Amino acid sequence: MQILIFLLVLAGLAQATFPPFFNPITEKLVEFKDPQNTVLQGFLAYPSFTSPLNKRPAVIVFHAFTGRTDFDNNKARNLAKLGYVAFAADTYGKGKAAPDVPGNFAIMGQLLGNRTTILRNRILANWNYVKALPYVDTNRIGSIGFCFGGLCTLDLARFNVGLKAAVSFHGTLTDYPGNGTSIDASVQAHHGDEDPHTTNADADAFLVEMRRRDGDWTFTRYAHALHAFTLPGVENWGIPGAAFNPIASNRSWSAMETFLAEKLL
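Position numbers for residues start from 1 in each chain and track the written sequence from start to end. For a predicted model such as this one, the threshold for reporting local features is a pLDDT of at least 70, and the threshold for listing and counting side-chain atom pairs is 80 or more; totals across whole chains, interfaces and linings nevertheless cover every residue. Heavy atoms throughout the structure, all of them, feed into the side-chain values; hydrogens and water do not.

### With respect to the overall build of the protein
Now for step 1: Where helices and strands are cited, they refer to DSSP runs of H or I of at least four residues and of E of at least two residues respectively, numbered from the N terminus. Helix and strand counts for the protein stand at seven helices and eight strands.
Now for step 2: Throughout, the radius of gyration refers to the C-alpha atoms, and the reference size of a globule is 2.2 Å times the residue count to the power 0.38. Radius of gyration (C-alpha) of the protein: 18 Å, near the 18 Å computed for a compact globule of 265 residues.
Now for step 3: Dimensions of the protein, computed from the C-alpha atoms along their principal axes, are close to 65 × 40 × 35 Å.
Now for step 4: Categorising residues by exposure relies on relative accessible area from a 1.4 Å probe, with only protein chains included: less than 20% of the type maximum marks a residue as buried, more than 50% marks it as exposed, and the intermediate range marks it as partly exposed. Residues classed as buried in the protein amount to 50% of the 265 residues present.

### Some remarks on the UniProt feature "domain: Dienelactone hydrolase" (unreviewed entry) in the protein
Now for step 1: Within this numbering scheme, the UniProt entry marks residues 52–262 as carrying the feature "domain: Dienelactone hydrolase" (unreviewed entry).
Now for step 2: This span, residues 52–262, is 40% helix and 19% strand, and a straight line between its end C-alpha atoms measures 23 Å. UniProt positions are given in the numbering used here, feature names are shortened, and annotations may be inferred rather than shown by experiment.

### As for the nonpolar core
Now for step 1: Here, nonpolar core means buried Ala, Val, Leu, Ile, Met, Phe, Trp, Tyr and Cys residues that are tied together by side-chain atoms lying within 4.5 Å of each other. In terms of nonpolar packing, the biggest core is built from 73 residues, with Ile60, Leu79, Ile144, Leu156, Phe206 and Leu260 touching the most fellow members.
Now for step 2: Contact between two residues is taken to exist if any of their heavy atoms lie within 4.5 Å; hydrogens are not considered. Non-local contacts of Leu79, meaning those with residues more than four positions away in its chain, are made with Val59, Val61, Tyr84, Ala86, Ile144, Trp253, Met256 and Leu260.

### Considering the state of the cysteines
Now for step 1: By definition, disulfides here are pairs of cysteine sulfur atoms that lie within 2.5 Å. In this structure the tally under the stated criterion is zero disulfides.
Now for step 2: Cys152 takes part in no disulfide bond, and the closest cysteine sulfur to it belongs to Cys147, at a distance of 11 Å.

### Section: the pattern of salt bridges
Now for step 1: A carboxyl oxygen of Asp or Glu within 4 Å of a side-chain nitrogen of Lys or Arg is what we treat as a salt bridge. For the structure on display, the rule yields 15 salt bridges.
Now for step 2: The partner of Arg115 in a salt bridge is Asp155, and the shortest N-O contact between them spans 2.8 Å. With Arg115 in helix H4 (residues 115–131) and Asp155 in helix H5 (residues 148–158), this residue pair connects regions lying 40 residues apart in the sequence.
Now for step 3: Assessed through its relative accessible area of 9%, Arg115 is described here as buried.
Now for step 4: Arg221 is the partner of Asp204 in a salt bridge, and the nearest nitrogen-oxygen pair spans 2.8 Å. A residue pair is termed long-range when its members are at least 10 positions apart, and Asp204 in helix H6 (residues 200–213) and Arg221 in strand E8 (residues 217–222) qualify at 17 residues.
Now for step 5: Residue classification places Asp204 among the partly exposed positions, given a relative accessible area of 41%.
Now for step 6: Accessibility expressed as a relative area gives 34% for Arg221, which makes it partly exposed.

### Overview of the packing of H4 against H5
Now for step 1: Contact pair H4 / H5: the axes reach a minimum separation of 10 Å and the direction vectors enclose 80 degrees. Viewed along their axes, H4 and H5 adopt a mutual orientation that is roughly perpendicular. Across the interface between the two elements, Arg115, Leu119, Ile123, Leu124 and Trp127 from H4 touch Phe148, Leu151, Cys152, Asp155, Leu156 and Arg158 from H5.
Now for step 2: Class assignment of the residues belonging to the contact of H4 with H5 gives a composition of eight nonpolar, no polar and three charged. Axis lines are fitted to C-alpha atoms, over the contacting stretch for helices. Their N-to-C directions set the angle, which ranges from 0 to 180 degrees. For classification purposes, an angle smaller than 35 degrees is called roughly parallel, one larger than 145 roughly antiparallel, one from 65 to 115 roughly perpendicular, and anything else oblique. Gly counts as polar in this scheme, as do all residues outside two lists: the nonpolar Ala, Val, Leu, Ile, Met, Phe, Trp, Tyr, Cys and Pro, and the charged Asp, Glu, Lys and Arg.

### Focus on unusual backbone geometry
Now for step 1: One non-glycine residue with positive phi stands out, namely Asn160, at about 55 degrees.
Now for step 2: The residue Asn160 is located in the loop between H5 and strand E6 (165–169) in this model.
Now for step 3: Note on Asn160: relative accessible area 27%, which makes it partly exposed.
Now for step 4: You will see that His170, though not glycine, has its phi angle at about 40 degrees, which is positive.
Now for step 5: Relative to the helices and strands, His170 is located in the loop between E6 and strand E7 (186–192).
Now for step 6: By relative accessible area, His170 is classed as buried at 1%.

Okay, here's the thing in structure tokens:
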């Protein structure tokens, strides 16, 4: 009887979602490959009581043009504290991110130029890695992304592979080549109203796309917000039209938490 009670307690702990201040997490770097055998390195964080006996929802975090950084790792940690298996993805390749802004823009540009081939394969490699984790509920996987990562998360939604929810923060909103007529994932997009890179005209075109795909979507514009409004210090990187906006950053993250809880928990 005591053994049975002990096992039930363990099962309860594995399934429980604790408050963020009382939710110990496990984290590690992991490596995997895309179909071209490029080594990718992601950052995995999840509640320490996670077990294959009680599968958890997962959230993939797609990085900005910088490649995966501590910013993305910390977002994964924050999501893990909320009870998700969180995975900071890698679409550049292990050790491939450049040490400066021009170098990373060049890498991003190359991937965008191969959006339907190399980039698609790398997005799906991250998806497949998370989906194969034994403690992930494959029916409850979401993704979020920042800037270039916003495009990645929206493209993953456009692929209709079973993603449940997608959130874009100041992401590139350009429709996927070849278009498509549907979108299965619920979509939440956050856009800076004064963003000169992804403009309001781009935003309007994105809404036309979402209506055409007849999906479940929410779109929010933030007053006085420029591009990359969630990235602290970006205004010091020499990128015109990019600046951190704490109000837009906090409001969009809070909205994301509510959205993911509705769709995944």
